Amino acid sequence: MEMRLNAASIWLLILSYGATIAQGERTRDKMYEPIGGASCFRRLNGTHQTGCSSTYSGSVGVLHLINVEADLEFLLTSPPSPPYAPMIPPHLFTRNNLMRLKEAGPKNISVVLLINRTNQMKQFSHELNCPNQYSGLNSSSETCDASNPAKNWNPWGTGLLHEDFPFPIYYIADLDQVTKLEKCFQDFNNHNYETHALRSLCAVEVKSFMSAAVNTEVCMRRTNFINNLGGSKYCDPLEGRNVYATLYPRKPAVENNVEAVHTNEKFILVSCRLDTTTMFDGVGLGAMDSLMGFAVFTHVAYLLKQLLPPQSKDLHNVLFVTFNGESYDYIGSQRLVYDMEKLQFPTESTGTPPIAFDNIEFMLDIGTLDDISNIKLHALNGTTLAQQILERLNNYAKSPRYGFNLNIQSEMSAHLPPTSAQSFLRRDPNFNALILNARPTNKYYHSIYDDVDNVDFTYANTSKDFTQLTEVNDFKSLKPDSLQMKVRNVSSIVAMALYQTITGKEYTGTKVVNPLMADEFLYCFLQSADCPLFKAASYPGSQLTNLPPMRYISVLGGSQESSGYTYRLLGYLLSQLQPDIHRDNCTDLPLHYFAGFNNIGECRLTTQNYSHALSPAFLIDGYDWSSGMYSTWTESTWSQFSARIFLRPSNVHQVTTLSVGIVVLIISFCLVYIISSRSEVLFEDLPASNAASPRPTAC
């Protein structure tokens, strides 16, 4: 009987505990309401930390809507119930306003919310006026003059991406969530400001605590400290993968001398930037920033593959490379230069001989193409090669046969765009590097609003075979001034000029890039990875996400989906069909099995591969982190990002609650003491628990 009572008591306690937890969760759900969004986070380099962080337990601030710049004065001049969390629309998210909030400090400002009200927004770029100014060819004003908008590469830049803020900044894109915040502000905060300290107010709590601090040197030392037995990591180097492919398959290395360079092997290096960046985690497509150059690069590669014969010993090979991490002091191109100097590119595992600088005839780097109809060919020096390539480009750009109607200008000076070619020129100013770049017109460079709308892209969705080249006059399904047609025109011009350079013969055909491939390419990278082009370049039956791939370089273990899609895409477009090889035998590289346009599967001989995009600074023992020789960017670790709104009680309410709690605690101690000291009097009639039972007198 006693065991049954004990078991019942245990079950009663368990049920009571579960009910308490459930009741607690329901109470919490009534008190707090989550807010979805993206947080600013912390990055570090050799000398500074940039970005944002909340306090360890989360930062709390009273909501205050900023409609006009004058609304900031309320927060900056003795606000009644600090700290506050201003809700700022993009057109007021300026350097001047953010720096004023920063100077007010966490005492008055604990959180900043960027709300997605874009109706008055005219520009929004967080990058510097001179991106990567101190890691290129030189840091002088010849390359880029930040004080002169006509001489810098991002006239609309605010530099906020490179500032360090003492409070978290949280971006809220969902307009329903924004409306919820505004309603909470109107209902509880937007009246009787003088009584803010006396009543409950609508507030937000943001958790985005960053583990790293000071700079990369301090952070890496803490991470690598020998007594760090817990294995805690405070930061990780920015790290990703470059993707490269060759026009023709390369000959294998000599078996007993894999490090020997084939001096008679010559390449034209064609490159572009793969990555982009923004201030907020997981948001930003870099549509005009780098995707336009990437699109032209891809279509140049495909058109050359279609126009040139499958293989010829007399022709130069072409090395196509997409560099990752270029937004952060040219991580990918710096690493390739470093590996080529040490004869470690490609790696021995590829079975091909290393490529040295002497193997490179010249480099054509496709930069940012903001205004795709106003392109310049840049070079450090006005060489014969530069003049020759310029003439060939304009020969096709101005030809009435093709009707492209473009005029490619030139600039031969140290005023070079911030592209990957600067890593090669920094090593050797005499290196033959040419840069194809447009004048800057992107008012949303390196920001969350460099998206589909910024490039005015409309998906045609024709379902036609985009893998076939088209005749120059065949563009009935697309408008002549559409983005797809602009990509077609520039890609065809560049491919034709390279065709003439490789073969020594002028291109006289009428086949050009298919604008429908440009249509599919842009749709894949701007709207959905579940698209016909990515499906064709994937294994049959692959399940693809309906979100576009993120192109931020990230860290080891982070998302590298953009590199993965690029790897498959270059493999598919630059490969040779192997119709006689069955699917079961098409398993080992360089053979690769693709779905193809018809999704029936096809075996192809590919040339694509990865190379490491990790700065050499993290490979060199005893590297001087402040030297500026290599990129030193790292990303802080964090545990979670979250935001929620609730009613924050007034200061008077909080003090009263604390006081009542203290009084109750004191009274409880007094009662316990009195009862304990008078227990003999209060409980004198109760028998002692250890009293002996009376001896029985009979059976």
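Whatever comes next refers back to the structure up there.
Residues numbered from 1 in each chain as written. Predicted model: local features only at pLDDT ≥ 70, side-chain atom pairs only at ≥ 80, totals over all residues. Heavy atoms only, no water.

Participant: How should the packing of helix H8 (residues 384-397) against helix H11 (residues 483-503) be read in this particular structure?
Facilitator: Relative placement of two packed helices is described by the angle separating their axes and the distance separating the axes. At their nearest, the axes of H8 and H11 sit 9 Å apart, and the two run at 130 degrees to each other. In terms of axis orientation, H8 runs oblique to H11. Helix-helix and strand crossings are classified by hand; for H8 and H11 the assignment is right-handed. Across from Ile389, Arg392, Leu393, Asn395, Tyr396 and Ala397 in H8, the residues of H11 making contact are Ile493, Val494, Met496, Ala497, Gln500 and Thr501. The class makeup of the residues in the contact of H8 with H11 is eight nonpolar, three polar and one charged. (Axes fitted to C-alpha atoms, helices over the stretch in contact; angles between N-to-C directions. Helix = DSSP H or I, 4+ residues; strand = E, 2+ residues; numbered from the N terminus. Parallel < 35°, antiparallel > 145°, perpendicular 65-115°, else oblique. Left-handed = near helix turned anticlockwise from the far one by under 90°. Contact = heavy atoms within 4.5 Å. Nonpolar A, V, L, I, M, F, W, Y, C, P; charged D, E, K, R; others polar.)

Participant: Explanation requested: the packing of aromatic side chains in the structure shown.
Facilitator: For any pair of aromatic rings, geometry is given as the distance between the ring centres together with the angle between the planes. The full count for this structure, using the stated rule, is 39 aromatic pairs. Judged by centre distance (4.4 Å) and plane angle (15 degrees), the rings of tyrosine 567 and tyrosine 610 are stacked. With tyrosine 567 in helix H14 (residues 561-573) and tyrosine 610 in strand E23 (residues 609-614), this residue pair connects regions lying 43 residues apart in the sequence. Classification of tyrosine 567 as buried rests on a relative accessible area of 10%. Taking relative accessible area as the criterion, tyrosine 610 reaches 25% and is therefore assigned partly exposed. Taking 5.6 Å as the distance between ring centres and 85 degrees as the angle between the ring planes, the aromatic pair formed by tyrosine 623 and tryptophan 625 counts as edge-to-face. Classification of tyrosine 623 by relative accessible area gives buried; the value is 10%. Connected via pairs of aromatic rings, a cluster forms that spans Phe294, Phe297, Phe320, Phe521, Phe525, Phe534 and Tyr565. Between arginine 222 and the ring centre of tyrosine 234, over which it is positioned, the NZ or CZ distance is 3.8 Å. (Phe/Tyr/Trp six-rings, centres within 6.5 Å; stacked < 30°, edge-to-face > 60°. Buried < 20%, exposed > 50% of the residue type's maximum accessible area, 1.4 Å probe, protein only. Lys NZ or Arg CZ within 6 Å of the ring centre and 35° of its normal.)

Participant: Looking at this structure, how should I read the pairing of strand E14 (residues 360-366)?
Facilitator: Moving residue by residue along a regular strand, the side chains alternate between the two faces of the sheet. The element E14 is largely enclosed, with a buried count of six among its seven residues. Sheet topology note: the strand E12 (residues 267-273)/E14 ladder contains six bridges and is parallel. What sits directly across from leucine 269, in E14, is methionine 363. As paired elements, E14 and strand E17 (residues 433-438) share four bridges and run parallel to each other. Residue isoleucine 366 lies in a different strand from E17, and its bridge partner there is leucine 436. (Pairing = 2+ DSSP bridges.)

Participant: Would you take a moment to explain the sheet that holds strand E22 (residues 602-605) for this structure?
Facilitator: Taking strand neighbours across the sheet as the criterion, the three strands line up as E20-E22-E21 in an open arrangement whose pairing is antiparallel. At either margin of the open sheet sits one strand with a lone partner, and together these are strand E20 (576-577) and strand E21 (591-594). As defined by bridge partners, E21 adjoins E22 across four bridges and the pair is classed as antiparallel. Within the sheet, the bridge partner assigned to phenylalanine 594 lies in E22 and is glutamate 602.

Participant: How should I be thinking about the pattern of salt bridges in this particular structure?
Facilitator: As a working rule, side chains carrying opposite charge can pair if their charged atoms are close by. Tallied over the full model, the rule gives 18 salt bridges. In this structure, arginine 100 and glutamate 73 form a salt bridge, with 2.6 Å as the shortest nitrogen-oxygen distance. Separated by 27 residues along the polypeptide, arginine 100 in helix H3 (residues 95-108) and glutamate 73 in helix H2 (residues 72-76) bring together distant segments of the chain. For glutamate 73, a relative accessible area of 35% gives the class partly exposed. Ionic pairing is found between arginine 604 and glutamate 602, a salt bridge with its closest N-O pair at 2.8 Å. A relative accessible area of 14% places arginine 604 in the buried class. On the basis of relative accessibility, which here comes to 18%, the residue glutamate 602 falls in the buried class. What you see here is one network of salt bridges that share partners, running through Arg95, Lys102 and Glu163. (Salt bridge = Lys/Arg side-chain N within 4 Å of Asp/Glu carboxyl O.)

Participant: What is the right way to look at the side chain of threonine 467 in this model?
Facilitator: You can see threonine 467 is positioned in the loop between helix H10 (452-455) and strand E18 (470-471). On the basis of relative accessible area, threonine 467 is assigned to the buried category, the value being 11%.

Participant: Help me out: how do you make sense of a nonpolar patch on the surface in this one?
Facilitator: On the surface, Val663, Ile667, Leu671, Ile675, Leu682 and Phe683 cluster together into a nonpolar patch covering about 560 Å² of accessible area. In terms of residues, the nonpolar patch owes the most to one element, helix H15 (residues 651-677), which gives four residues. Along the chain, the position of isoleucine 667 falls in helix H15. (Patch = residues over 30% accessible without salt bridge, like charges linked within 9 Å, V, L, I, M, F, W, Y side chains within 5 Å. Areas by Shrake-Rupley, 256 points an atom, 1.4 Å probe, with all protein chains shown as cover.)

Participant: Explain the pairing of strand E5 (residues 59-65) to me, please; I cannot follow it from the model alone.
Facilitator: With six of seven residues buried, E5 is to be regarded as a mostly interior element. Pairing of E5 with strand E9 (residues 201-207) involves four bridges; the strand directions are antiparallel. Bridge assignment links valine 60 to a residue of E9, and that residue is glutamate 205. As paired elements, E5 and strand E6 (residues 84-88) share four bridges and run parallel to each other.

Participant: Is there a simple way to explain empty space enclosed by the protein in this structure?
Facilitator: Where empty space is left becomes clear once a probe the size of a water molecule has been rolled over the atoms. For the structure on display, the rule yields five cavities of 30 Å³ or more. Taken as a whole, the largest cavity holds about 150 Å³ of empty space. Residue lining of the largest cavity: 20 residues in total, with Arg273, Glu326, Thr368, Pro418 and Thr419 positioned closest to the centre. Listing elements by their share of the lining of the largest cavity, those giving two or more residues are E12, helix H6 (287-307) and E14. No other element matches H6, which puts four residues into the lining of the largest cavity. (1 Å grid on protein atoms, 1.4 Å probe; cavity = no way out; pocket = protein on both sides within 12 Å on 5 of 7 lines; lining within 4 Å. Points joined across faces, edges and corners; volume = space filled by probe spheres on them.)

Participant: Got a minute to help me understand the sheet that holds E6 in this structure?
Facilitator: Hydrogen bonds along the backbone pair up the strands of a sheet, which may run parallel or antiparallel. The eight strands are arranged E1-E25-E9-E5-E6-E7-E8-E2 in an open sheet whose pairing can be described as mixed. Edge strands, defined here as strands with exactly one partner in the open sheet, are strand E1 (33-34) and strand E2 (38-39). On the sheet, helix H4 (residues 175-188) packs against E1, E5, E6, strand E7 (112-115), strand E8 (169-172), E9 and strand E25 (642-648) and is oriented at approximately 80 degrees with respect to E5.

Participant: Can you help me understand the side chain of threonine 276 in this one?
Facilitator: Of note, threonine 276 is situated in the loop between E12 and H6. Here the side chain of threonine 276 touches aspartate 289 through a polar contact of 2.5 Å, side chain to side chain. When residues no more than four places from it in sequence are discounted, the contact partners of threonine 276 are Gly284, Leu285, Gly286, Asp289, Ser290, Ser327, His446, Arg551 and Tyr552. (Polar contact = N/O pair within 3.5 Å; in protein donor to acceptor, adjacent residues only side chain to side chain.)

Participant: Looking at this model, I keep getting lost on the state of the cysteines. Mind explaining?
Facilitator: Applying the stated criterion to the full structure yields six disulfides. Paired through a disulfide, cysteine 40 and cysteine 52 show a sulfur-sulfur distance of 2.1 Å. Taking the torsion about the sulfur-sulfur bond, which here is approximately 85 degrees, the covalent link between cysteine 40 and cysteine 52 counts as right-handed. Taken together, the residues span a long stretch of sequence, with cysteine 40 in the loop between E2 and strand E3 (43-44) and cysteine 52 in the loop between strand E4 (49-50) and E5 at a distance of twelve residues. A residue is classified by how much of its surface remains accessible, and cysteine 40, at 1% relative accessible area, is buried. Owing to a relative accessible area of 0%, cysteine 52 belongs among the buried residues under this scheme. The disulfide partner of cysteine 130 is cysteine 144, and the S-S distance across this bridge is 2.0 Å. Between cysteine 130 and cysteine 144 the sulfur-sulfur dihedral comes to about -85 degrees; the bridge is accordingly left-handed. A residue pair is termed long-range when its members are at least 10 positions apart, and cysteine 130 in the loop between E7 and E8 and cysteine 144 in the loop between E7 and E8 qualify at 14 residues. (Disulfide = S-S within 2.5 Å.)

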